[in-house]
Amino acid sequence: MRAYLKPALLLVGLAALIVAPLGQGNYVIYLLSSWLIFSIAAMGLNLTLGYAGQISLAQASFMAIGAYSTAILTLAGWPWVVGMLLGVVLCLVVGLLLGFPALRVKGHFLAFVTLAFNSLVFLVSRNEEWLTGGIYGLSGMPRPSVLGFAMTKNLPFYYFTLFVFVVFCGLFYGIVRSPWGRAFKALRENPIRAESLGIDTRRLTLMAFAIGSACGGLAGALVTPLVQYIDPTSFALGHSLRILLMVVVGGAGYFFGPILGAAVVILMPEFLRFTEGYYLMIYAVLVIVLMIYCPSGLIGLGRKLRDLVRRKPVDRGDLKAGAQL
Amino acid sequence: MSEFLQVVLSGLATGSIYALAAIGFTLVWQAAQTVNFAQGEFVMLPAFFVLIALHWLGWPLWAALAFGLVISVLVLGYLFKRLIVQPMLPSTGLPLIIATMALSILLKEGAKQFYGAEAQPYPPLFPQTTMSIGGAIVSMQDILNLVVSLAVVVALTLFLNRTRTGRCIQATAQNPQVAEILGVNTRRMVLYTFLINAALAAFASMLISPVYLAKFFNGETLGIVAFIAAIVGGFNQIRGALVGGLLIGVLDNLTATYVTASYRAALPLVLLIIIILWRPQGLLGTSEGRQV
């Protein structure tokens, strides 16, 4: 019974995603597309934060790298796929270069390095007008066409985004389930034991960060054709914090956590619209409360509630300490 | 040459203010293993408290400054410790860091919503005159900023090294368990550390706001500079944070004057990466035992 449950739920979810935009206005379709795109970025960050336990505050700047390389190449007449691939590879390389010094030392150095990197990317995209258009940004990027179908309308572009999202989720699931992904989890659960089992923790953390950054690049490559206008402020530090909050609010370390988190972060402003400027403040308070009472995010909260309702046989309490050693 | 001296002196003046924020950051990190990502906002906010006392309550400047200091210590010291850090202990990992990030958003948006999004002019504390030192024209404000912040650092060092309470605070930071066994009230000492941090942030805020104006987004740059000054100087020492702050202030001014003004904000990043590659424990820091 349980074995059928998961695939069935996944199919229902996918069907819901296919049906969701039908008959909706452009704005709802836009929101749904940007939810899928931010889910990709947040899932990438989840690899860094949830699985490898390091904070990156530069996910928005990796999105910027992906978005700008896609924009520049598509404006020059290249197909979208080329721009996307270039963006992803660039992010992977930059991730490796940035993570190498930061992960040499223990502690939260990656957080500081990525924090500073985010402002560096902002400066470059603002100052190098010949490449990025400076503060005016770039506009008029064409949307990709697949098999002769142009995606100029919003609905086809949503399905294109959904297709990329589903393929990405498949790949991501493969990474998480692979021996590699299990090593990531081992690293988070107990670094000492992971190291004693022969896992090179430093290299794995670096890889997790680089792959997570590449996911940011992919998300950026999708942002370009969605909004068709990019400028430096769309990738400022605040957006990195937003993506980080998506991961944390949803539940870091859970596969579906960032997707749920992205939905909350993107849709909440719509529900809290009546509060006008106080939205961010309410949001910040909610995050602080969540962190105090349930650091494992909404999915963790859900599991806690489920365990309350359905009491499971608990392991002997005194065995717990032994299991942690 | 006189221009060089001028640039270095004004860099030292700003750097000494950065150092105040960096020292507070280091103290809190040591005492409670709390990486406070809201430190920049802690420096941004007290200026607004002063402005509230000046304009809304109509108090004179000296009373407004005292009001700013007291409210900062209460809100950014006591309430921060009591409402956010305390409930999360003993786990001080990711959740606490995320909570301080959320707090930084809260403070920033709060200042914007309740006081105003425009840059607020802030009354100068010192006479706006200039003086000439060895051919360099230096503003009185810079000199006095440097003098006041160095005096604060000296007073703090004396307090930590020469008084009983100060030594108890140090003991708590170095080894809380042993300090507890020896009869130190560690919880109170941790609280004192948070209060000191808030006071340092308030001093930094009052000194830097006449130069930068009181802006709700001041914390973004100040926060990064404070972290980086603390790391560059050595995470586990007051001296380190002082040197780090001064170094960043001077280098920042030199880059802006002689190399490039549009990339001056990139300097801290470059400095940070060089330090991590070359001396991860910081310029003056002693390497801590590597914790796996």
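Residues numbered from 1 in each chain as written. Chains lettered and ligands numbered in written order. Predicted model: local features only at pLDDT ≥ 70, side-chain atom pairs only at ≥ 80, totals over all residues.

## Some points on the overall build of chain A
Along the backbone of chain A there are 15 helices and four strands. For 325 residues, the compact-globule estimate of 2.2 N^0.38 gives 20 Å, and the C-alpha radius of gyration of chain A, at 20 Å, lies within 12% of that figure. Dimensions of chain A, computed from the C-alpha atoms along their principal axes, are close to 65 × 50 × 45 Å. Expressed as a percentage of its 325 residues, the buried residues of chain A come to 43%. Long-range contacts, defined here as pairs at least 24 residues apart, represent 73% of the contacts in chain A between residues at least 6 apart. (Helix = DSSP H or I, 4+ residues; strand = E, 2+ residues; numbered from the N terminus. Rg over C-alpha atoms; globule rule 2.2 N^0.38 Å. Buried ≥ 20, exposed ≤ 12 C-beta atoms within 10 Å, placed from the backbone. Contact = placed C-beta atoms within 7 Å.)

## Concerning the overall build of chain B
The number of helices and strands found in chain B is 11 helices and two strands. Moving toward the C terminus, one meets the helices and strands of chain B in the order α-α-α-α-β-β-α-α-α-α-α-α-α. By the compact-globule yardstick of 19 Å for 292 residues, chain B fits well, its C-alpha radius of gyration being 19 Å. Summarising its shape, the C-alpha atoms of chain B cover approximately 55 × 50 × 35 Å along the three principal directions. Counting every position in chain B, which comprises 292 residues, the buried fraction comes to 51%.

## Comments concerning the packing of helix H12 (residues 257–271) of chain A against helix H14 (residues 297–309) of chain A
Axes are the key here: two packed helices are described by the angle between their axes and the distance separating the axes. Residue and element names in this part refer to chain A. Where H12 contacts H14, the two axes come as close as 8 Å, and the packing angle between them is 110 degrees. Viewed along their axes, H12 and H14 adopt a mutual orientation that is roughly perpendicular. Of H14, the residues touching H12 (which contributes Gly257, Leu260 and Gly261) are Gly297, Leu298 and Ile299. (Axes fitted to C-alpha atoms, helices over the stretch in contact; angles between N-to-C directions. Parallel < 35°, antiparallel > 145°, perpendicular 65-115°, else oblique.)

## Observations concerning the nonpolar core
Ala21, Ile228, Ala229 and Leu272 of chain B are the most contacted members of the largest nonpolar core, which has 192 residues in total. Broken down by element, this core gets its largest block of residues, 16 residues, from helix H1 (residues 2–32) of chain B. Every residue in contact with Leu272 of chain B, bar those within four places of it in the chain, is listed here: Phe112, Val113 and Ala116 of chain A together with Ile228, Ile231 and Val232 of chain B. (Core = buried A, V, L, I, M, F, W, Y, C linked by C-beta atoms within 7 Å.)

## As for unusual backbone geometry
The residue Gln228 of chain A is not glycine, and still its phi comes out positive at about 55 degrees. Relative to the assigned elements, Gln228 of chain A resides in the loop between helix H10 (201–227) and strand E4 (229–230). Even without being glycine, Leu213 of chain B reaches a positive phi, approximately 70 degrees. Taking the C-beta count within 10 Å as the criterion, Leu213 of chain B has 14 such neighbours and is therefore assigned partly exposed.

## Quick word on the interface of chain B and chain A
Counting residues at the interface gives 35 residues for chain B, matched by 34 residues for chain A. Looking at the side of chain B that touches chain A, the elements that each hand over two or more residues are helix H3 (61–88), helix H4 (94–114), helix H9 (218–233) and helix H11 (267–278) of chain B. Per-element tally for the side of chain B that touches chain A: the top contributor is H4 of chain B, with 12 residues. Taken together, the residues of the side of chain B that touches chain A break down into 28 nonpolar, four polar and three charged. (Nonpolar A, V, L, I, M, F, W, Y, C, P; charged D, E, K, R; others polar.)

## Remarks on the pairing of strand E2 (residues 136–139) of chain B
Residue and element names in this part refer to chain B. In this sheet, E2 lies alongside strand E1 (residues 130–133) in antiparallel orientation, the contact comprising four bridges. Paired with Ser132 across the bridge in E2 is Ile137. Here E1 hands over to E2 after two residues, with Gly134 in that stretch at a positive phi of 55 degrees. (Pairing = 2+ DSSP bridges.)

## Examining the environment of Gln228 of chain A
Residue and element names in this part refer to chain A. On the basis of neighbour count, Gln228 is assigned to the partly exposed category, with 16 C-beta atoms found within 10 Å. For the pair Gln228 and Gly140, spaced 88 residues apart in sequence, the C-alpha to C-alpha distance is 5.6 Å. Sequence-distant contacts of Gln228, defined by excluding residues within four places in its chain, comprise Ser139, Gly140 and Met141.

## Section: the packing of helix H3 (residues 59–75) of chain A against H10 of chain A
All names here are of chain A. Contact geometry of H3 with H10 gives a least axis separation of 6 Å together with a crossing angle of 50 degrees. By the angle between their axes, H3 is oblique relative to H10. The way H3 lies across H10 gives a crossing that is right-handed. Along its contact with H3, which presents Gln59, Phe62, Met63, Ala64, Ile65, Gly66, Ala67, Thr70 and Ala71, the element H10 presents Ser213, Gly216, Gly217, Leu218, Ala219, Gly220, Ala221, Val223 and Thr224. Across the contact of H3 with H10, the residue classes tally to 10 nonpolar, eight polar and no charged. (Left-handed = near helix turned anticlockwise from the far one by under 90°.)

## Focus on the confidence of the model for chain A
Across chain A, the average pLDDT comes to 85, with 94% of residues at or above 70. Confidence, read as mean pLDDT per element, is least for helix H15 (residues 319–324) of chain A in chain A (44) and greatest for H3 of chain A (93). (pLDDT = per-residue confidence, 0-100.)

## Some words on the environment of Leu92 of chain A
Residue and element names in this part refer to chain A. Its location among the elements puts Leu92 in helix H4 (residues 80–102). Residue classification places Leu92 among the partly exposed positions, given that 19 C-beta atoms sit within 10 Å. Residues Leu92 and Gly216 lie 124 residues apart in sequence; the distance between their C-alpha atoms is 9.5 Å. The contact partners of Leu92, leaving out residues within four places of it in the chain, are Ala210, Ser213 and Ala214.

## Observations concerning helix H2 (residues 39–56) of chain B
Residues and elements named next belong to chain B. Here H2 is 18 residues long and its end C-alpha atoms lie 26 Å apart, about the 26 Å a rise of 1.5 Å per residue gives. In terms of burial, H2 is largely enclosed, as 14 of its 18 residues are buried. Just beyond H2, the residue with positive phi is Gly58, at close to 70 degrees. (Expected span 1.5 Å × (residues − 1).)

## Re the confidence of the model for chain B
Detail in the predicted coordinates should be disregarded across regions flagged by low pLDDT. Residues with a pLDDT of 70 or more make up 96% of chain B, whose mean pLDDT is 86. Confidence estimates for the predicted assembly give a pTM of 0.84 and an ipTM of 0.85.

## Focus: the environment of Gly251 of chain A
All names here are of chain A. Mapped onto the fold, Gly251 is located in the loop between helix H11 (237–250) and H12. Look at Gly251 and you get buried, because 25 C-beta atoms sit within 10 Å. When the C-alpha atoms of Gly251 and Phe157 are compared, they prove to be 29 Å apart, with 94 residues separating the residues in sequence. Contact partners of Gly251, with chain neighbours within four places excluded, come to Gly257, Ser296, Gly297, Leu298, Ile299 and Gly300.

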